[in-house]
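# Report on the structure
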Amino acid sequence: MHCPAGLLPVVSKGLVWRARWKHRCFRAACKNDKNRRKRPMNLFDTIRNTIVPIHKEGYVFVAAFFVASLVLGWIAEPLFWVGLVLTLWCAYFFRDPERVTPQDDDLVISPADGKVSAIQMVVPPHELELGKEPMLRISVFMNVFNCHVNRAPVRGRIVNIAYRPGLFLNAEADKASEDNERNGLVIETRHGQIGVVQIAGMVARRIVCWVKPNEPVDAGERFGLIRFGSRLDIFLPSGTQPRVSVGQTAIAGETVLAEFAATKGPVISRRN
């Protein structure tokens, strides 16, 4: 395109100004990035990166523990410090950390933090309506120091939710699956239906479930919580291969518990 001679100085001057402006912006960005790299991490940054958020379900409990600490401190000063320690434990109990969940429809992810307490073929609870044939059951036991936010083990759709009142036996005992208070979910996946059962324990007195029938869920999505010690049972179709061993520590939303339609057998583990 031909430019009139009278406009050449103006155009040239504009191009030079624009180039200088870009150069100044580039230098400023490099300087800021360099300063960020050189800036030492202070105590506030360390605390902010270390503290895990508390789930909103725990706000009222943390507040109640703190108020109780103040009352105990009014009675006797040493009791205040005991109450403060319990308040900090309560805040720790209701922590809700972020998790990085594998997005693979062939994998079953742990719905709970805790210890894998059982891997066996068991007939699922009748209220789940999953039939009378044995299914692979993987149980994860949560003690009072584990994170108790529960996450969906697979991607799918909630087709059934069944609550059943019961006892409050030790959740690690095998009979707890039949006798204890529990809340079961059935999730429809491309590999068939699976069951996830929240089981109350000796201390746990409240099972919380946030999802509803016909709602879709993604693997790793939060769906519930059990207060103060409990267990989760996962019922999987025949042919699913375990990818954990009894006694192994599981992390909700991250640990692979099993694999659908796997060609290789279960893993072999060694305890050191």
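Residues numbered from 1 in each chain as written. Predicted model: local features only at pLDDT ≥ 70, side-chain atom pairs only at ≥ 80, totals over all residues. Heavy atoms only, no water.

With that settled, consider the sheet that holds strand 14 (residues 256–259). Read across the open sheet, the three strands follow the order 1-14-12; overall the sheet is antiparallel. A single partner strand is all that each edge strand has here, and the edge strands are strand 1 (107–109) and strand 12 (241–242). As paired strands, strand 12 and strand 14 are joined by two bridges and run antiparallel to one another. Within strand 14, the position partnered with Gln241 by the bridge is Glu259. (Pairing = 2+ DSSP bridges. Helix = DSSP H or I, 4+ residues; strand = E, 2+ residues; numbered from the N terminus.)

With that settled, the discussion passes to the nonpolar core. Core analysis: the largest hydrophobic core is formed by 28 residues, its most contacted members being Val108, Ile138, Ile187, Ile194, Leu232, Leu236 and Leu257. Taken together, the elements giving at least two residues each to this core come down to strand 3 (135–142), strand 6 (182–189), strand 7 (192–200), strand 10 (222–226), strand 11 (230–236) and strand 14. Tallying contributions element by element places strand 3 first for this core, with four residues. In this structure Ile194 touches Leu130, Pro153, Val154, Leu185, Val186, Ile187, Phe235, Leu236, Pro237 and Phe260, once residues within four positions along its chain are discounted. Ala91, Phe93, Leu225 and Phe228 belong to the second-largest nonpolar core, a separate cluster that totals 10 residues. (Core = buried A, V, L, I, M, F, W, Y, C linked by side-chain atoms within 4.5 Å. Buried < 20%, exposed > 50% of the residue type's maximum accessible area, 1.4 Å probe, protein only. Contact = heavy atoms within 4.5 Å.)

A separate point is the packing of helix 3 (residues 59–75) against helix 4 (residues 77–93). It is the contact of helix 3 with helix 4, at a shortest axis distance of 7 Å, that shows an interaxial angle of 175°. When the interaxial angle is binned, helix 3 and helix 4 end up roughly antiparallel. Only Glu77, Leu79, Phe80, Gly83, Leu84, Leu86, Thr87, Trp89, Cys90 and Ala91 of helix 4 make contact with helix 3, whose side of the interface consists of Phe61, Val62, Phe65, Phe66, Ser69, Leu70, Leu72 and Gly73. Classifying every residue of the contact of helix 3 with helix 4 gives 13 nonpolar, four polar and one charged. (Axes fitted to C-alpha atoms, helices over the stretch in contact; angles between N-to-C directions. Parallel < 35°, antiparallel > 145°, perpendicular 65-115°, else oblique. Nonpolar A, V, L, I, M, F, W, Y, C, P; charged D, E, K, R; others polar.)

Now for helix 4. Look at helix 4: 25 Å from first C-alpha to last across 17 residues, which is about the 24 Å you get at 1.5 Å a residue. Every buried residue belonging to helix 4 is among Phe80, Gly83, Thr87, Cys90, Ala91 and Phe93, and all of these are buried. Looking down the long axis of helix 4, one finds its buried residues gathered within 150° of arc, a one-sided arrangement. Helix 4 presents Pro78, Val85 and Leu88 as exposed residues on the side facing more than 90 degrees away from its buried surface. Where helix 4 is buried, its residues contact helix 3 and strand 10. (Expected span 1.5 Å × (residues − 1). Arc of directions from axis to C-beta.)

A cluster of nonpolar residues, Val67, Val71, Leu72, Trp74, Ile75, Leu79, Val82 and Leu86, forms a patch on the protein surface that exposes about 780 Å² of accessible area. Mapped by element, the contributors of at least two residues to the nonpolar patch are helix 3 and helix 4. On the basis of relative accessible area, Leu79 is assigned to the partly exposed category, the value being 34%. (Patch = residues over 30% accessible without salt bridge, like charges linked within 9 Å, V, L, I, M, F, W, Y side chains within 5 Å. Areas by Shrake-Rupley, 256 points an atom, 1.4 Å probe, with all protein chains shown as cover. Salt bridge = Lys/Arg side-chain N within 4 Å of Asp/Glu carboxyl O.)

Empty space within the largest pocket amounts to approximately 220 Å³. Around the largest pocket, the lining residues are Val122, Val123, Pro124, Pro125, His126, Arg137, Arg164, Asp174, Ser177, Glu178, Arg182 and Phe235. (1 Å grid on protein atoms, 1.4 Å probe; cavity = no way out; pocket = protein on both sides within 12 Å on 5 of 7 lines; lining within 4 Å. Points joined across faces, edges and corners; volume = space filled by probe spheres on them.)

Before going further, it helps to examine the side chain of Arg99. By the element assignment, Arg99 lies in the loop between helix 4 and strand 1. Polar side-chain contacts of Arg99 include one of 2.9 Å to the side chain of Asp113. Residues in contact with Arg99, not counting those within four places in the same chain, are Asp113, Cys147, Arg151, Ile251, Ala252 and Glu254. (Polar contact = N/O pair within 3.5 Å; in protein donor to acceptor, adjacent residues only side chain to side chain.)

Secondary-structure assignment places Phe168 in the loop between strand 5 (156–164) and helix 5 (176–179). By relative accessible area, which is 24% here, Phe168 ends up partly exposed. As a C-alpha pair, Phe168 and Ala200 span 32 residues in sequence and 6.3 Å in three-dimensional space.

As a further point, take the environment of Ser269. With respect to the helices and strands, the residue Ser269 is situated in the segment after strand 14. Note on Ser269: relative accessible area 46%, which makes it partly exposed. Between the C-alpha atoms of Ser269 and Arg243, which are 26 residues apart in sequence, the distance is 9.6 Å.

Overall, the prediction assigns the protein chain a mean pLDDT of 80, with 76% of residues at 70 or greater. Taken together, the stretch residues 7–11 has pLDDT below 50 and engages in two contacts with residues farther than four places along the chain or on a different chain. (pLDDT = per-residue confidence, 0-100.)

The next thing to look at is the pattern of salt bridges. Considering all chains together, one arrives at nine salt bridges under this definition. One salt bridge connects Asp96 with Arg151, and the closest N-O pair in it is separated by 3.9 Å. Remark: Arg151 occurs in strand 4 (residues 149–151) and Asp96 occurs in the loop between helix 4 and strand 1; sequence separation between them is 55 residues. With respect to class, Asp96 is no different from Arg151; both count as buried. Linking Arg182 and Glu127 is a salt bridge whose minimum nitrogen-to-oxygen distance equals 2.5 Å. Placement of Arg182 in strand 6 and of Glu127 in the loop between strand 2 (114–122) and strand 3 is noted, with a sequence separation of 55 residues between them. Using a relative accessible area of 3% as the deciding quantity, one classes Arg182 as buried. Among the residues examined, Glu127 registers a relative accessible area of 14% and is labelled buried.

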